[in-house]
Amino acid sequence: MKIGIIDMGSNTFRLVIFEIVNGQYKDIDGLRYYSGIINYVQDGCLSLQGMDTIVSVLEEMKKKLNEHRCDFYYCFATASLRSLKNIQSVLLEIQRRTGFCIEYLTGQREAYYDFVGLTYTRNLEKGIGCDIGGGSGQIFTFKDQVLKDAVSLPIGSLAMYKQFIHGMLPTEKERAQIVKFVTEQLQAYPFIKTCGFTRLYIMGGSARALGKLHRGMLSRKERLEGYSIEVKDILTMCETLMDLKMEGIRFMNQFVPARAHTIIPGMLVMDTIARFAGVKEVVVIKSGVREGYLIRILENQGLLNK
């Protein structure tokens, strides 16, 4: 059996095709489009150009689904659509033009699927995790395989770039503004500060990009899954990249070309969360909301063996 999962994020649309054999799943193919849908939102509504962009991307993904003859496919949206004033008309128009019926996840539901994606195949008794996307960031704690606390905040890497940064690289003042904004958001949720953990599990595109940059800077070859970075290194990396100016931009374009303008705000967000939570290291996790979404579908259909 093959199942396609389409994740419509604020910065990136991602299709992953999973094959399910003997109660186990593995991803076998996919597509990624850096659509930047958040750039097409005006006064809280998606523009016609944004609608056309979504339709165009989904049509390309439909070709890939058909190519693999997927048995089922599911499509969900996160911060890219859920805050739109005209979300219902957007969903109806997308369905009319593409045939895709899109589920939009609340921030709490997105955090829940992140939790499932993190813990399902890992022997983790307790911990704290975060998923930094383009438009939002989910932070959650868990214990004994149960989600304890969760929050979704408007601190995505692309959102921070659009709100605070006016050039390719942030100025010192712009960096301070991002840190201040994120800290103020976090202060409303004391469970983050009092979690008592020493490591933060990080997921999402910004997390993977951070891992790739860190590996590149140190010429390391470890696999990205489970890659560990000391929190004190994150700010050092930001400062080094900005001090290098054009060379820093070239370095980012070498390792994370599609995220060169959003990776530093993403790193600042992750650094601020980590310091607020009092952890000493961050650990990159490649699975997340898509895997969590798939796992719950397979469980409900009795198709999954843990």
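Scroll up to find the structure this text is about.
Here goes a summary of the coordinates provided. (Residues numbered from 1 in each chain as written. Predicted model: local features only at pLDDT ≥ 70, side-chain atom pairs only at ≥ 80, totals over all residues. Heavy atoms only, no water.)

Next up on the list: the pattern of salt bridges. Going through the model one piece at a time under the given rule, you end up with 18 salt bridges. Between Lys180 and Glu184 there is a salt bridge; the shortest N-O distance is 2.7 Å. Of this pair, Lys180 and Glu184 both sit in helix α6 (residues 172-186), four residues apart, which is roughly one turn of that helix. Classification of Glu184 by relative accessible area gives partly exposed; the value is 42%. One salt-bridge network, held together by shared partners, links Asp29, Lys64 and Glu67. (Salt bridge = Lys/Arg side-chain N within 4 Å of Asp/Glu carboxyl O. Helix = DSSP H or I, 4+ residues; strand = E, 2+ residues; numbered from the N terminus. Buried < 20%, exposed > 50% of the residue type's maximum accessible area, 1.4 Å probe, protein only.)

Strands sit in the order β3-β2-β1-β6-β7 across an open sheet of five strands; the sheet is mixed. Edge positions in the sheet fall to β3 (24-33) and β7 (102-104), since each has one partner strand and no second. Going across the sheet, the axis of each strand differs from the next one's by a mean of 25°, ignoring polarity. The pairing of strand β6 (residues 72-77) with β7 spans three bridges and is parallel. Looking at β7, one finds that Phe76 is bridged to Glu103. (Pairing = 2+ DSSP bridges. Axes fitted to C-alpha atoms, helices over the stretch in contact; angles between N-to-C directions.)

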